[in-house]
Amino acid sequence: MTEVKIKTAFAAAHPNIALIKYWGKSTRDGHNEPAVSSLSITLDTLLTETRVRFDPQLDDDIFLLNGKQDEQKLSRISRNLDKLRQLAGVTTRCEVASSNNFPTAAGLASSASGFAALVAAGDRALQLDLSFAQKSMLARSMSGSAARSIGGGFIKIALQNSGPEDAVFGRAFAEQIAPAEHWPLEICVGIASESEKAIGSTEGMELSRTTSPYYDAWLAGNDQDIADAEQMVITRDFEKLAELSEFSCLKMHALALASRPGLLYWSGATVEAMHCLRDLRAAGVPVFFTIDAGPQIKAVCAPGYGDRVAEALQSVNGIRRVIRCGLGCGVRVTD
Ligand code: DP6
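A quick note: this is a predicted structure, and the numbers were derived from the prediction, not measured.

Student: Would you explain the domain arrangement of the chain in this entry?
Tutor: One frequently used descriptor of interface size is the decrease in accessible area upon assembly of the parts. For the chain, the assigned domains are domain 1 (7–181) and domain 2 (186–325). The C-alpha-based centres of domain 1 and domain 2 are spaced at 23 Å. Contact with domain 1, which involves 32 residues of that partner, is made by 50 residues of domain 2. Our enumeration of links across domain 1 and domain 2 arrives at 2 salt bridges. At the surface where domain 1 touches domain 2, the tally comes to 9 residue pairs in polar contact (both at pLDDT 80 or more). It is strand β2 (residues 16–20) that contributes the most residues to the side of domain 1 that touches domain 2, 4 residues altogether.

Okay, here's the thing in structure tokens:
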């Protein structure tokens with residue numbers, strides 16, 4: 001093992017939101033393999049920017065989030081750096097400085113954009129020249145949804161397409177179904193709370209796997225949901241995708257709610273916003289909602305309807321602000 005001279009690189013990545021949700025991990029191995037396939041859209045507007053600096057003067061890794069040292073998240077970051085170091089055959093410690101232009105760990109997929117940016121910056125700094133699939137697998141080993149932020153537009157992790165088990169990378173990786181330009185959907189993110197969630201998704205999905213009576217049914221329906229959603233994206237069938245995405249979201253939350261103790265990620269504002277968006281759809285506006293492990297509500301609408309949806313969402317009691325997004329690109333090195 002050797003030390004590298006100072007190596008710095010920058011990368012930027014966007015969060016993604018799943019329309020067909022990932023919730024539950026495989027019990028087979030230690031690579032954070034998902035138990036279900038998932039399908040997502042990568043957003044623009046929301047952004048994580050990361051700088052990595054491998055420096056032989058450092059005794060330990062350092063992680064700075066939005067300018068402040070963050071000891072709590074350091075061990076997970078270090079595990080990711082260890083994999084990159086293993087691939088490069090070096091031991092040099094690293095300073096990672098990351099900033100998000102949106103609330104961290106509040107159900108806005110900051111771990112997705114965070115690990116995607118870290119892997120891409122680390123890949124560049126250590127000149128590993130990893131493929132798309134390899135970057136996706138490294139990001140996935142840290143956070144399942146991060147595998148999808150490597151790519152832009154419409155992305156899936158299809159477990160049926162996973163390759164053979166690899167000792168470093170594991171198995172499941174993301175692939176692009178269609179680029180952002182294929183169908184420029186608009187997204188309005190309704191912020192119901194800016195604080196970090198009480199139970200993170202890693203812990204929450206383990207609780208659901210081990211205690212929720214609905215877990216087997218959740219696994220059983222996944223292949224069909226993915227196949228159908230991919231077809232709806234390809235044919236741009238908004239109405240069918242709206243119904244299926246809300247189904248996947250509510251099915252995931254039903255599974256989480258039926259865990260012991262039950263996982264209730266919604267606030268009152270989340271529920272009011274769900275009603276508001278359904279009323280809007282009933283009135284002819286092509287919009288649907290999706291919600292992850294936090295109270296924020298994401299309204300996805302057909303191109304051209306963002307103003308109308310943002311206005312409606314903003315008027316819901318308890319929605320503090322609305323962030324407008326379109327579909328974004330995958331992770332990129334920015335130096
Ligand atoms: C509800 O990717 O955060 O957002 O792999 O444990 O880090 P870990 O989980 P994470 O889970 C995301 C869960 C979700 C649904 C989704 O994005 O598919």
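After that view, the rundown keeps rolling.
Student: Mind showing me how you'd approach the pattern of salt bridges here?
Tutor: For side chains of opposite charge, pairing can occur when their charged atoms come near one another. All chains considered together, the criterion is met by 20 salt bridges. For D61, the salt bridge is made with R85, and the minimal N-O distance between the two is 2.8 Å. Of this pair, D61 sits in the loop between β4 (48–54) and β5 (62–65) while R85 is found in helix α1 (residues 74–88), placing the two residues 24 residues apart along the sequence. Among the salt bridges present, the one from R324 reaches E186, with a minimum N-O distance of 3.4 Å. Of this pair, R324 sits in strand β13 (residues 321–325) while E186 sits in strand β10 (residues 186–191), and the two are 138 residues apart along the sequence. Judged by relative accessible area, R324 falls into the partly exposed class, the value being 34%. For E186, a relative accessible area of 19% translates into the label buried.

Student: Which parts of the structure should I look at to understand the packing of aromatic side chains?
Tutor: Centre-to-centre distance and the angle between the planes together describe a pair of aromatic rings. On inspection of all chains with the given rule, the structure shows 4 aromatic pairs. A ring pair is formed by F154 and W183, whose centres lie 6.2 Å apart and whose planes are at 20°; its orientation type is stacked. In this pair, F154 is assigned in strand β8 (residues 154–157) and W183 in the loop between β9 (175–178) and β10, connecting sequence segments 29 residues apart. Both residues of the pair, F154 and W183, count as buried. Cluster of aromatic residues (ring-pair linked, three or more members): F154, W183, F238 and F288.

Student: Please clarify how α1 should be interpreted in this entry.
Tutor: It helps to recall that an α-helix has 3.6 residues per turn; residues three or four apart then point in one direction. An ideal rise of 1.5 Å per residue puts 21 Å on 15 residues; α1 measures up with 20 Å between its terminal C-alpha atoms. Among all positions of α1, only L74, I77, S78, N80, L81, K83, L84 and R85 are buried. Those residues of α1 hidden inside the fold are in contact with β4, β5, β7 (94–100), α2 (110–125) and α3 (132–142). Backbone geometry just downstream of α1 places G89 in the positive-phi region, at approximately 70°.

Student: Just to check I follow, could you spell out unusual backbone geometry for this structure?
Tutor: Trans peptide bonds make up the majority, and among non-glycine residues the majority have a negative phi. Note the cis peptide between R260 and P261, where omega equals 0°. Although it is not a glycine, N32 adopts a positive phi angle of roughly 55°. Here N32 is to be found in the loop between β2 and β3 (38–42). For R236, which is not glycine, the phi dihedral falls at a positive 55°. Its location among the elements puts R236 in the loop between α6 (222–234) and α7 (238–257).

Student: Looking at this model, I keep getting lost on the pairing of β3. Mind explaining?
Tutor: Remember that side chains alternate between the two faces of the sheet whenever the strand is regular. With 5 of 5 residues buried, β3 is to be regarded as a mostly interior element. Burial along β3 is two-sided: the residues S38, S40 and T42 and L39 and I41 are all buried. As defined by bridge partners, β2 adjoins β3 across 4 bridges and the pair is classed as antiparallel. If you follow A18 over to β3, its bridge partner there is S40. Two strands pair when backbone bridges link them, and β3 and β8 are joined in this way by 4 bridges, in the antiparallel orientation. The residue of β8 that forms the bridge with S40 is I155.

Criteria and cut-off values
- Residues numbered from 1 in each chain as written.
- Predicted model: local features only at pLDDT ≥ 70, side-chain atom pairs only at ≥ 80, totals over all residues.
- Heavy atoms only, no water.
- Domains from an automatic or database assignment.
- Contact = heavy atoms within 4.5 Å.
- Salt bridge = Lys/Arg side-chain N within 4 Å of Asp/Glu carboxyl O.
- Polar contact = N/O pair within 3.5 Å; in protein donor to acceptor, adjacent residues only side chain to side chain.
- Helix = DSSP H or I, 4+ residues; strand = E, 2+ residues; numbered from the N terminus.
- Buried < 20%, exposed > 50% of the residue type's maximum accessible area, 1.4 Å probe, protein only.
- Phe/Tyr/Trp six-rings, centres within 6.5 Å; stacked < 30°, edge-to-face > 60°.
- Expected span 1.5 Å × (residues − 1).
- Pairing = 2+ DSSP bridges.

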